[in-house]
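# Descriptive structure summary
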Amino acid sequence: MEHSLEGKTALITAAGAGIGRASAEALAARGAKVIATDLDGAAVAELAETSPNITGYALDVLDAAAVDAIVASAGTVNILLNCAGWVHDGTILDCDEDVWDRAFDLNAKAMYRITKAVLPGMLANKSGSIINIASIVSSEKGAPRRFAYGASKAAIIGMTKSIAADFVKDGIRCNAICPGTVQSPSLNDRLAATGDYDKALAAFQDRQPMGRLGQPEEIAEMVCYLAGDLAAFTTGQAFAVDGGWSI
């Protein structure tokens, strides 16, 4: 069985940078037609220039009408990769209701919204792979000062398993990927915001048993596996790609 995605269409959120961008590039390299979306329209427009298999669209995943419009224009979507997310730094005592709502709106509700919009087309096609980017910081593992983030990422794992169970007989597979700390522009921004980038980076590296951060391309390889026919017997799973942090 070849690891080719020729003839498949993939819709990706938060494709402008990090895991989303690396996954868009990897899926396109394997022949998939990639619809890359991001709040930063310029970023996905630039990404689209790198491959004839990629088209880029600005999308706010918190805008229900915009989500419905992009799904309606996409045609048959064979692969849905939900990457959009937000990290809040703080304990429950630092989490007011606005923070809680933002974490769940962006990390969980947006994923629910776009998946619900895409799923009918997959059911009509009797085939589809939904891949949700959760986190090892979720129901899998606790981490200091990640209360709202961990709770909302745990919700993703619950949604993943529920969707997989409901539609396992309909040709739909739904899996989650739980990355450890991955190098990305958003991580760089958070490290810089501490006021001591090098010290913060060293702390993140030290908590990884491999002594380094993950790379977006390493997560993208798991995305490609779950997207393709090689994973046809795999659904409802949460895959840790975390450099051994959870062991």
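If you're wondering where the values come from, they're calculated on a predicted model, not measured in any experiment.

Parameters at a glance
- Residues numbered from 1 in each chain as written.
- Predicted model: local features only at pLDDT ≥ 70, side-chain atom pairs only at ≥ 80, totals over all residues.
- Heavy atoms only, no water.
- Patch = residues over 30% accessible without salt bridge, like charges linked within 9 Å, V, L, I, M, F, W, Y side chains within 5 Å.
- Areas by Shrake-Rupley, 256 points an atom, 1.4 Å probe, with all protein chains shown as cover.
- Salt bridge = Lys/Arg side-chain N within 4 Å of Asp/Glu carboxyl O.
- Helix = DSSP H or I, 4+ residues; strand = E, 2+ residues; numbered from the N terminus.
- Contact = heavy atoms within 4.5 Å.
- Buried < 20%, exposed > 50% of the residue type's maximum accessible area, 1.4 Å probe, protein only.
- Pairing = 2+ DSSP bridges.
- Right-handed = clockwise from strand over helix to strand, strands pointing away.

With that out of the way, let us pick up a nonpolar patch on the surface. Among the surface-exposed residues, Ile 92, Leu 93, Trp 100 and Phe 147 lie close enough to one another that they form a single nonpolar patch of about 430 Å² accessible area. Within the secondary structure, Ile 92 sits in the loop between strand 4 (79-82) and helix 4 (97-125).

Let us look at the side chain of Thr 160. Within the secondary structure layout, Thr 160 lies in helix 5 (residues 147-167). Contact partners of Thr 160, with chain neighbours within four places excluded, come to Asn 132, Cys 174, Asn 175, Ala 176 and Gln 237.

This brings us to the pairing of strand 1 (residues 9-12). Burial along strand 1 is two-sided: the face carrying Thr 9 and Leu 11 and the face carrying Ala 10 and Ile 12 are both buried. Pairing analysis gives four bridges linking strand 1 to strand 2 (residues 33-38), with the strands arranged parallel. By the bridge assignment for strand 2, Ala 10 is matched with Val 34. Read from strand 1 through helix 1 (residues 18-29) to strand 2, the crossover connection turns out right-handed. Relative to strand 4, strand 1 runs parallel, the two sharing three bridges. Paired with Ala 10 across the two strands is Ile 79, which belongs to strand 4.

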